[in-house]
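# Structural overview
Here is how the chains run, residue by residue.
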Amino acid sequence: VSNLFPGFSRETTRSSTWYFRDSGRAMSSSCKTDVFISLRYSEANAEANILKAALERRGLKVYKCDPDPGDDMLEEISREIEGATLRVIMGSETFGEQTQSTFSTYEELQSILRLHKQKKMGFFIVKMCDEFKVATTRVSLPSNLSYIKWSAGHPMPDNLVQILSDKLAKAKESYGSNAGGAAGGGGAASGGSAGSSTVDGGLSTLLQQLDLSDAAEPLAKYG
């Protein structure tokens, strides 16, 4: 590199590379994000990449965290999850599991529920399993919330992008471009039910505290 650009050492070039990468992140965050995708990378990364690309072809700005090894993404993820208009939950088996990560899907789910309760956002569930393995996820995302089914390794549902586009438009229309709309955990059931769920008195109290009643829509079939 120094032979091509006199005065630039390898260290200077390496520093410049990091500067431009971080600047790119800063510039990208200056424009409001339409869709935030929350996922477990070990279970839903391929599907999330497919969905992200499909939404971007619609002209939407989509955030999916792609950290480099060792990166502390807490500030960036916090900013994006609070600033996006619609959050998409890639609901794989261990979604919502608390890990050693700085900001795992456990923290992301708690943020999504908190913002929804404050009427500052909408969210949508892509159900990628028959039942969540994590108890807190099963309670937080009960079976009365509608969703669309997408099994890992299978093609993306044909109507998913249109459903998300409609949800996003509804959120923007209802709550404006400066705040995420509480368009609900509304998705559309497709490809079967997530299974029955029994909720005892204690869990019912928790659901009331989470105030998810307006997140649910009548379960409907699409496609």
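The preceding data block contains the structure.
These notes cover the structure that comes with them.

## Focus on the sheet that holds strand E1 (residues 35–38)
- The 5 strands lie next to each other as E2-E1-E3-E4-E5, forming an open sheet whose pairing is parallel. At either end of the open sheet lies a strand with only one pairing partner, and these are strand E2 (62–63) and strand E5 (148–149).
- When E1 meets strand E3 (residues 86–91), the two strands line up parallel, connected through 4 bridges. Its bridge partner being in E3, valine 35 is matched across the sheet by leucine 86.

## Looking at helix H2 (residues 41–56)
- Compared with the 22 Å implied by 1.5 Å per residue over 16 residues, the 20 Å span of H2 between its first and last C-alpha is markedly short.
- Listed as buried for H2 are Ala44, Glu47, Ala48, Leu51, Lys52, Ala54 and Leu55.

## Quick word on the pairing of E1
- Neither face of E1 is open: one carries Val35 and Ile37, the other Phe36 and Ser38, and all of them are buried.
- Where E1 and E2 come together, 2 bridges link them in parallel fashion. Across the sheet, valine 35 pairs through a bridge with valine 62, a residue of E2.
- As a crossover connection, the stretch from E1 through H2 into E2 is right-handed.

## Quick look at the packing of helix H3 (residues 74–83) against helix H4 (residues 105–117)
- Between H3 and H4, the least distance of the axes is 10 Å, while the angle of their chain directions is 30°. Here H3 runs over H4; the crossing is right-handed. Every residue of H4 that contacts H3 at Ile77, Ile81 and Glu82 is listed here: Glu108, Ser111, Ile112, Arg114 and Leu115.
- Each residue belonging to the contact of H3 with H4 can be placed in one class, and the counts come to 4 nonpolar, 1 polar and 3 charged.

## A closer look at the nonpolar core
- Formed by 23 residues in total, the largest nonpolar core has its most connected members in Ile37, Leu51, Leu55, Met90, Val126, Leu160 and Leu164.
- Elements that contribute at least two residues to this core include exactly E1, H2, E3, strand E4 (122–127) and helix H6 (160–175).
- Filtering out sequence-adjacent residues up to four positions away, leucine 51 remains in contact with Ile37, Val88, Met90, Trp150, Met156, Leu160, Val161 and Leu164.
- Membership of the second largest hydrophobic core comes to 22 residues, among which are Cys65, Met73, Ile125 and Leu141.

## A word on the pairing of E3
- Across the 6 residues of E3, 6 count as buried, placing the element largely inside the fold.
- Here E3 runs beside E4; their pairing, made up of 6 bridges, is parallel. The residue of E4 that forms the bridge with leucine 86 is glycine 122.
- Once you follow E3 into H4 and on to E4, the crossover reads as right-handed.

## Let's talk about the environment of glutamate 76
- Tracing the chain through its elements places glutamate 76 in helix H3.
- Counting along the chain gives 11 residues from glutamate 76 to cysteine 65, while the straight-line C-alpha distance between them is 8.7 Å.
- Here the side chain of glutamate 76 touches tyrosine 63 through a polar contact of 2.8 Å, side chain to side chain.

Criteria and thresholds
The numbering scheme is per chain: residues are counted from 1 as the chain's sequence reads. Local features in this predicted model are restricted to residues of pLDDT 70 or higher, and side-chain atom pairs are both shown and tallied only at a pLDDT of 80 or more, whereas totals for entire chains, interfaces and linings draw on every residue. Only hydrogens and water are set aside when side-chain values are computed; all heavy atoms of the structure are taken into account. Following DSSP output, two strands are said to pair if at least two bridges run between them. Put simply, DSSP marks the helices as runs of H or I at least four residues long and the strands as runs of E at least two long, and each gets a number from the N terminus on. In this analysis, the expected span of each helix is defined as 1.5 Å times one less than the number of residues it contains. Exposure categories follow from relative accessible area, calculated using a 1.4 Å probe and restricted to protein chains: below 20% of the type maximum is buried, above 50% is exposed, and the middle band is partly exposed. Here a crossover is taken to be right-handed if, once the strands point away from the viewer, the path from the first strand over the helix to the second is traced clockwise. Helix axes are fitted only over the stretch in contact, all axes being lines through C-alpha atoms; the angle between N-to-C directions runs from 0 to 180 degrees. With the far helix as reference, a near helix turned anticlockwise by less than a right angle produces a left-handed crossing, and one turned clockwise produces a right-handed crossing. Two residues form a contact once any of their heavy atoms are found within 4.5 Å. Residues are sorted three ways: Asp, Glu, Lys and Arg are charged, Ala, Val, Leu, Ile, Met, Phe, Trp, Tyr, Cys and Pro are nonpolar, and all the rest, Gly among them, are polar. Grouping buried Ala, Val, Leu, Ile, Met, Phe, Trp, Tyr and Cys residues that are joined through side-chain atoms within 4.5 Å yields what is termed a nonpolar core. In the analysis that follows, any N or O atom pair within 3.5 Å is treated as a polar contact, provided that within protein one partner can donate a hydrogen and the other can accept it, and provided that, for residues neighboring in sequence, both atoms belong to side chains.

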